[in-house]
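Results of the structural survey
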Amino acid sequence: MIKVTTLDKRELVLNAELIERIESVPETVITLTNGKKVLVTQTVDEIIDRVIAYRQRTLRPEPARDEVE
C-alpha cells in the first residue's frame, strides 16, 4: 500500500499491486487495473519511488524472532 494525495488534498492509500499505469498530463493520473483513475499531487517519479519502497518492504524476509535483540 502507498499513500498519495488527491488534488483536493485528501490522503488515500492505494494498493500498489493494482497500479496499471501512471501518466503525467500535466497532473499525475494513476490508472488501476479495474479502470478507475486517481488524480494525485505527487509526481510520476514520487509514485515510482513509493512503489519500489513498498515492494522492497514486502519482499524483504522478516528476521526470525530469536535474531531480533
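Residues numbered from 1 in each chain as written. Predicted model: local features only at pLDDT ≥ 70, side-chain atom pairs only at ≥ 80, totals over all residues. Heavy atoms only, no water.

**Brief notes about the pattern of salt bridges**
For the coordinates displayed, the defined rule picks out five salt bridges. A salt bridge links Lys-3 to Glu-11; its shortest N-O distance comes to 4.0 Å. You can call Glu-11 exposed: its relative accessible area is 55%. For Glu-17, the salt bridge goes to Arg-55, with nearest N and O atoms at 3.7 Å. With Glu-17 in the loop between β2 (11–14) and β3 (19–24) and Arg-55 in helix α1 (residues 44–59), this residue pair connects regions lying 38 residues apart in the sequence. Here Glu-17 falls in the partly exposed class, since its relative accessible area comes to 42%. One network of salt bridges, in which partners are shared, links Glu-20, Arg-21 and Glu-23. (Salt bridge = Lys/Arg side-chain N within 4 Å of Asp/Glu carboxyl O. Buried < 20%, exposed > 50% of the residue type's maximum accessible area, 1.4 Å probe, protein only. Helix = DSSP H or I, 4+ residues; strand = E, 2+ residues; numbered from the N terminus.)

**Points about unusual backbone geometry**
Most peptide bonds are trans, and most residues other than glycine sit at a negative phi. The omega angle of the peptide bond from Val-25 to Pro-26 is -10°, so this bond is cis rather than trans. In this structure, Pro-26 sits in the loop between β3 and β4 (28–32). For Lys-9, which is not a glycine, the phi torsion comes out positive at approximately 70°. The residue Lys-9 is located in the loop between β1 (2–5) and β2 in this model.

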